[in-house]
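# Notes for the structure review
Residue strings, one per chain:
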Amino acid sequence: MIEYRIERRSGVSTYQQIVQQTKQALRLGLLQPGDKLPTAREVVELTAINPNTVLKAYRELEREGLVEPRPGLGTFVRRSLARPEAAADGPLRADLVGWVDQARGAGLEREDIAALMASVLEQRFDTGVSGTGVSGAGGGGSDAVTGGAGSDTGA
């Protein structure tokens, strides 16, 4: 089951963090169709946020066709966003882990790496450049869903 991590100083609204972390879990295959999301009460107990915030996030995910509420049972994943190329055990992730380790070894901090990654992603996607020639420019991101900080932005 997904465990949400709310970063109160991130500047990203709480409900949007829940949406982003859910989508990240769907992309990474951590959530599969049929999986149950935690109840609003469970999220509130773990994060001390307003239950209406959780419900707002779940409604947005429902509008996007990603989850469906089942009265009396909870909210369940309806479809995945996972792509085999982005699998947690895939070669692209292994390459990205190696690149991040190399960047850390060179003395870069989390924020430095995030800024560099965002810059490369922006350049490669916004300029319409094909995916060739940039090693380690794939998605990846942090594991906010499994306990680290981050969001759907590759964080």
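Just above sits the structure.
Residues numbered from 1 in each chain as written. Predicted model: local features only at pLDDT ≥ 70, side-chain atom pairs only at ≥ 80, totals over all residues. Heavy atoms only, no water.

## Observations regarding the overall build of the protein chain
Put simply, the rule is: Helix and strand definitions follow DSSP, with helices as H or I runs of at least four residues and strands as E runs of at least two, each counted in order from the N terminus. Working definition: with a 1.4 Å probe on protein chains only, accessible area under 20% of the residue-type maximum means buried, over 50% means exposed, and in between means partly exposed. Between two residues, a contact is recorded if the distance between any of their heavy atoms is within 4.5 Å. Under the convention used here, a 1.4 Å probe and the Shrake-Rupley method define accessible areas, while residue burial counts only the protein chains that appear.
Secondary structure summary: the protein chain contains five helices and two strands in total. Sequence-ordered secondary structure for the protein chain, helices as α and strands as β, is α-α-α-β-β-α-α. Within the protein chain, buried positions represent 30% of all 155 residues. Of the contacts made within the protein chain by residues no fewer than 6 positions apart, 55% connect residues no fewer than 24 positions apart. Accessible area of the protein chain: about 9,500 Å², with a carbon and sulfur share of 51%.

## So, unusual backbone geometry
Its identity as a non-glycine residue notwithstanding, alanine 48 has a phi of 60°, on the positive side. Positionally, alanine 48 belongs in the loop between α2 (40–47) and α3 (51–63). Of the residues examined, alanine 48 reaches a relative accessible area of 65% and is grouped as exposed.

## Quick word on the side chain of lysine 23
Stated formally: Pairing of N or O atoms within 3.5 Å defines a polar contact, subject to two protein rules: one partner must be a possible hydrogen donor and the other a possible acceptor, and residues neighboring in sequence count only if both atoms are side-chain atoms.
Note that lysine 23 resides in helix α1 (residues 14–27). Judged by relative accessible area, which is 15%, lysine 23 ranks as buried. Within polar-contact distance, the side chain of lysine 23 engages the side chain of glutamate 64 at 2.8 Å.

## Observations concerning the pattern of salt bridges
As a reminder of what qualifies: For salt bridges, the criterion is a side-chain nitrogen of Lys or Arg within 4 Å of an Asp or Glu carboxyl oxygen.
Taken as a whole and judged by the stated rule, the model has four salt bridges. Among the ionic pairs, glutamate 3 bridges to arginine 5, the shortest N-O distance being 2.3 Å. By relative accessible area, glutamate 3 is classed as partly exposed at 32%. Take arginine 5: its relative accessible area is 33%, and that puts it in the partly exposed class. The residue arginine 70 makes a salt bridge to glutamate 68 at a minimum N-O spacing of 3.3 Å. The class of glutamate 68 is partly exposed, set by a relative accessible area of 30%.

## Here's the deal with the pairing of strand β2 (residues 74–77)
Note the cut-off: In short, DSSP must find at least two bridges between two strands for them to pair.
One ladder, built from four bridges, connects strand β1 (residues 67–70) with β2; its direction is antiparallel. For valine 67, the partnering residue across the bridge sits in β2 and is valine 77. Connecting the antiparallel pair β1 and β2 is a turn made up of three residues, with glycine 72 showing a positive phi of about 80°.

## Let's talk about the packing of aromatic side chains
Put simply, the rule reads: For this analysis, a ring pair means two rings from Phe, Tyr or Trp (six-membered ring only for Trp) whose centres lie within 6.5 Å, classed as stacked if their planes differ by under 30 degrees, edge-to-face if by over 60, and tilted for the remaining angles. A ring is considered to have a charge above it if a Lys NZ or an Arg CZ atom is located within 6 Å of its centre and within 35 degrees of its normal.
Under the definition given, this model contains zero aromatic pairs. We note lysine 56 situated over the ring of tyrosine 15; from NZ or CZ to the ring centre the distance is 4.1 Å. Here arginine 70 stacks its cationic end above the ring of phenylalanine 76, 4.1 Å away from the centre of that ring.

Such coordinate-based values are descriptive only and should not be taken to indicate function.
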